[in-house]
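For reference, the chains in residue letters:
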Amino acid sequence: MKPAFNSKVHLACCKDRLLSHLAAKSVSSYVIFELRCFNTVNQIWEWKCLQVLQNPCSGNALDACTWSLTTVLKAVLKETSQYKPGTLEKLLATFDTALTAVYSQLVPVESLGHGNSASYPSSNTADWATTLTNLLDLLEVLTAARFKLSTTRVCFTSSRLSLVQASALLRIVDSHVHYFVKKQVLLLLKRILLQKAGEDMGFGEASSLTHGDDHMTSDIFTLADDVLQAVHTDWLQCVPVESAANCVAGAVMRLIM
């Protein structure tokens, strides 16, 4: 099984997007099986993901890695009782440093402001939009995991990113990326503020923020402050609203209320 699995891991990073995705699905299923049955993180999968995350660049390898990691975390969050206690914490601890570094490299660093749009390498390409979409999905799952673990007071840096570095996410909306990516950012921030991260993924009720980890309250305030500061700098004027997408305008308004 190991040679076949190893080949699938490498196929997940190939240049053919369809083949890469199918390989990533197969690999993820096997990783989930090992976690559920043996409570072990597959070392080949772990090594490959860490290798890709340590040298992130838009492409199939990064997309397959973030998609696979998101899929595995989703599985554990959806059926926590099917896994041994500590499985989620083990996964988060393994990838925490690498995910934190990836976030800082993939999001824009330019200052936010009307007329000063942030830019990305190849920002107008479908490939880069896919990379950002996968990253945003992963951020939502990481945040949902934090809410899930909040009663245990376990907190990982990567699970705090959507809150303490929300200003970087807001810059995406003021950038030249595809419209649907901007919409995804707004909806993500809205769900976080409403404590509903992952609600569309079937994770169930989140723990109350009032019983969160030691940083929860301050992180929520940081997120709210970033949103208010963005609005104060006329960021709202930069938010695109397509004629058939009034729901996005509503999401923005509810976000800043």
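Reading guide: rules and limits
Residues numbered from 1 in each chain as written. Predicted model: local features only at pLDDT ≥ 70, side-chain atom pairs only at ≥ 80, totals over all residues. Heavy atoms only, no water. Phe/Tyr/Trp six-rings, centres within 6.5 Å; stacked < 30°, edge-to-face > 60°. Helix = DSSP H or I, 4+ residues; strand = E, 2+ residues; numbered from the N terminus. Contact = heavy atoms within 4.5 Å. Polar contact = N/O pair within 3.5 Å; in protein donor to acceptor, adjacent residues only side chain to side chain. Salt bridge = Lys/Arg side-chain N within 4 Å of Asp/Glu carboxyl O. Buried < 20%, exposed > 50% of the residue type's maximum accessible area, 1.4 Å probe, protein only. Axes fitted to C-alpha atoms, helices over the stretch in contact; angles between N-to-C directions. Parallel < 35°, antiparallel > 145°, perpendicular 65-115°, else oblique. Nonpolar A, V, L, I, M, F, W, Y, C, P; charged D, E, K, R; others polar. 1 Å grid on protein atoms, 1.4 Å probe; cavity = no way out; pocket = protein on both sides within 12 Å on 5 of 7 lines; lining within 4 Å. Points joined across faces, edges and corners; volume = space filled by probe spheres on them.

- Going by what an unreviewed UniProt entry lists, the protein is known as Protein Lines homolog 1 isoform X1 and is assigned to Salmo salar.

Some details on the packing of aromatic side chains
Okay, so step 1: For the coordinates displayed, the defined rule picks out three aromatic pairs.
Okay, so step 2: Ring-pair connections join several aromatic residues into one group, and the members of that group are Tyr30, Phe33 and Phe38.

A short note on the environment of Asp96
Okay, so step 1: Looking at where Asp96 falls in the secondary structure, it is placed in helix 5 (residues 87–106).
Okay, so step 2: As for Asp96 and Leu142, which are separated by 46 residues in sequence, their C-alpha atoms are 9.9 Å apart.
Okay, so step 3: Apart from residues no more than four positions distant in its own chain, Asp96 is found in contact with Phe156, Thr157 and Ser158.
Okay, so step 4: Polar side-chain contacts of Asp96 include one of 3.2 Å to the backbone nitrogen of Thr157.

What to know about the environment of Thr40
Okay, so step 1: Along the chain, the position of Thr40 falls in the loop between helix 2 (17–38) and helix 3 (43–54).
Okay, so step 2: Residues Thr40 and Leu91, 51 residues apart in the sequence, show an inter-C-alpha distance of 9.6 Å.
Okay, so step 3: Other than its neighbours up to four places away in sequence, Thr40 contacts Glu34 and Leu35.

Thoughts on the side chain of Thr143
Okay, so step 1: Its location among the elements puts Thr143 in helix 6 (residues 126–149).
Okay, so step 2: Of the polar contacts made by the side chain of Thr143, one reaches the backbone oxygen of Leu139; its length is 2.8 Å.
Okay, so step 3: When neighbours within four sequence positions are excluded, Thr143 is seen to be in contact with Ser159, Ser162, Leu163, Ile192 and Ala197.

Thoughts on the pattern of salt bridges
Okay, so step 1: With the rule as written, the count across this model stands at six salt bridges.
Okay, so step 2: Note that Arg146 and Asp219 form a salt bridge whose closest N and O atoms lie 2.8 Å from each other. Of this pair, Arg146 sits in helix 6 while Asp219 sits in helix 10 (residues 216–232), placing them 73 residues apart in sequence. Judged on exposure class, the residue Arg146 and its partner Asp219 are both buried.
Okay, so step 3: Two residues, Asp219 and Arg160, come together in a salt bridge whose shortest N-O distance is 2.8 Å. Of this pair, Asp219 sits in helix 10 while Arg160 sits in helix 7 (residues 157–164), and the two are 59 residues apart along the sequence.

Looking at the packing of helix 6 against helix 9 (residues 179–193)
The axes of two packed helices give the description: the angle between them and the distance between them.
Okay, so step 1: Contact geometry for helix 6 and helix 9: axes closest at 10 Å, N-to-C directions at 5°. Here helix 6 is positioned roughly parallel relative to helix 9, judged by the angle of their axes. Note on element contacts: helix 9 touches helix 6 through Phe180, Val181, Gln184, Val185, Leu188, Arg191 and Ile192, opposite Ala129, Leu132, Thr133, Leu136, Asp137, Leu139, Glu140, Thr143 and Phe147.
Okay, so step 2: Considering only residue class, the contact of helix 6 with helix 9 consists of 10 nonpolar, three polar and three charged.

Observations concerning empty space enclosed by the protein
Okay, so step 1: A full pass over the atoms with the stated rule returns two cavities of 30 Å³ or more.
Okay, so step 2: Each pocket or cavity is described by its volume, and for the largest cavity that value is around 100 Å³.
Okay, so step 3: Surrounding the largest cavity, 13 residues form its lining, Ala12, Trp45, Cys49, Ala64 and Cys65 being those nearest its centre.
Okay, so step 4: Every element with two or more residues in the lining of the largest cavity is listed here: helix 2, helix 3 and helix 4 (60–78).
Okay, so step 5: A per-class count over the lining of the largest cavity returns 11 nonpolar, one polar and one charged.
Okay, so step 6: Reported here for the second largest cavity is a volume of approximately 40 Å³.
Okay, so step 7: If you trace the second largest cavity, you find it lined by Leu53, Thr66, Leu99, Val102, Leu135, Leu138, Leu139 and Leu142.
Okay, so step 8: When contributions to the lining of the second largest cavity are tallied by element, the ones reaching two or more residues are helix 5 and helix 6.
Okay, so step 9: If one sorts the elements of the lining of the second largest cavity by residue count, helix 6 sits on top with four residues.
Okay, so step 10: Taken together, the residues of the lining of the second largest cavity break down into seven nonpolar, one polar and no charged.

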